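# Reading the structure
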Amino acid sequence: MKQKKQNPISRWWQSLVVRVKNYDRLSSRQRRKLIFGIVVPAAVVIALVAVLVSCAVQKQQPKTPESESYTEKPIEGYNDVVLPKTEDAGENYLEETVFLGDSNTVRLANFGEITLDQMLGYVGLGIQGVTDTECIWFEEFKDPVTMVKAVSLMQPRRVVMMLGTNNTSMDTKAFLEEYDAAYTAVQSAYPYTDIIIAAMPPVSKNKSNAAAVQKKIDSFNKGLVELARKKGTAFLNTAEILVGSDGFLKSEYAESDGIHLSARGASAFIYYFRTHSWDTKDDRPAVKNVPTRMKAPYMPSESEVADLVEPGSEVVSSTPESSPDSETVATPVPTATPTASPTPSPTPVPTVAPTPVPTPHPTVVPTPAPPVEPTTPPPTAPVDGPVTQPAG
């Protein structure tokens, strides 16, 4: 009868057990060999376990930006609204959050800080586009939906709103009224979500007209803290980590255009978010039928992006050109373009061609030629005249 072949590991283990049992009978050389055979595999196993544990711990810790040094700057009189520093809230806190905003929100996904499922961002979006710009795509739907609708479909634990970069030409009061309306619309769409208002990102010193733009941003942010209090929500003061000692966006956190966050800037933003958490009780009903996010099928042109924002907003024009990575941000899809795709189908215009004037032609057929037939030959009857010939 054929003997079953033993597994090499099983053979090794049995051999090891036998040698351990007979340890007293082994020579000193055999004992050293035995010890070596036990210690080395054990060391390898311990090293593997250590690597796995280290990876798991690292995943739970935020990516600390290279220049984490920043000073906490409390906004006087708003301690009840501005989120203070906390312990790192962890990966789960980040994963159950959706970020809603413009191209700087899109960049959070481009740089791998968040996933597409967490990103409701649109290149060139102004605050007034939150409620009516259909720019968020899902695999289950033929057409894009508005950000407000997307929130109701995704049913997130919390939403972080970061908008305003494309609205610096607006009056502060008008901007805050639009923000209030957008906030209310998102809250009404899914009342169970916590909404955190994030400070509008600063611009760097090398941006054209930087001083005037930053002054407007500071004005917007003061109004947003007050709006957060009015709405009974929290304010994420990311300016603490993003703004340098000169009052502008730190150069290492900015792209060359002075407007958009760099990879390090995006990392600093998420680090700050995780270490200034607002973890309330989860009152959501059972979350179900959440559709799958997808990238937009195409990018908007520069002119289409410019059309989304009020005239005079210089910030917008630079947004589409941000950096090559914005192509992964296919999320931007102007509402006008989707309707353009259906237009090709009406090409069956040829069907109109058959209907034209063929019917009128038959009317020409009854050419009044027959009536001409009564050519008055009968008048030749007077030929009978010869009868009235005079007598000879």
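As a reminder, the structure under discussion sits directly above these lines.
Residues numbered from 1 in each chain as written. Predicted model: local features only at pLDDT ≥ 70, side-chain atom pairs only at ≥ 80, totals over all residues. Heavy atoms only, no water.

### Structural notes on the overall build of the protein chain
Heads up, the rule is: Numbering of helices and strands runs from the N terminus; a helix is a DSSP stretch of H or I covering at least four residues, while a strand is a stretch of E covering at least two. Three labels apply to residues, based on accessible area from a 1.4 Å probe with only protein chains included: buried if under 20% of the type maximum, exposed if over 50%, partly exposed otherwise in between. Should any heavy atoms of two residues lie within 4.5 Å, those residues are considered in contact. For the accessible areas, the method is Shrake-Rupley and the probe is 1.4 Å, while residue cover comes only from the protein chains on display.
Looking only at helices and strands, the protein chain has 14 helices and seven strands in total. The burial tally for the protein chain puts 42% of its 392 residues in the buried class. Across the protein chain, the fraction of contacts at a sequence separation of at least 24, relative to all contacts at a separation of at least 6, is 75%. Counting every atom, the protein chain has about 21700 Å² of accessible surface; 60% of that belongs to carbon and sulfur.

### Considering the pattern of salt bridges
Defined as follows: The salt bridge definition used is simple: a Lys or Arg side-chain nitrogen within 4 Å of an Asp or Glu carboxyl oxygen.
Taken as a whole and assessed by the stated rule, the structure comprises 12 salt bridges. Glu 96 is paired through a salt bridge with Arg 158; the nearest N and O atoms lie 3.2 Å apart. In this pair, Glu 96 is assigned in the loop between α3 (90-95) and β1 (97-101) and Arg 158 in strand β4 (residues 158-162), connecting sequence segments 62 residues apart. Note on Arg 158: relative accessible area 0%, which makes it buried.

### Some remarks on unusual backbone geometry
Positive phi, close to 50°, is recorded for Gln 155, a residue that is not glycine. Residue placement: Gln 155 occurs in the loop between α5 (147-154) and β4. Given a relative accessible area of 11%, Gln 155 falls into the buried group. Phi angles above zero are rare outside glycine, and Asn 289 is one such case at about 55°.

Keep in mind these values describe shape, not function.
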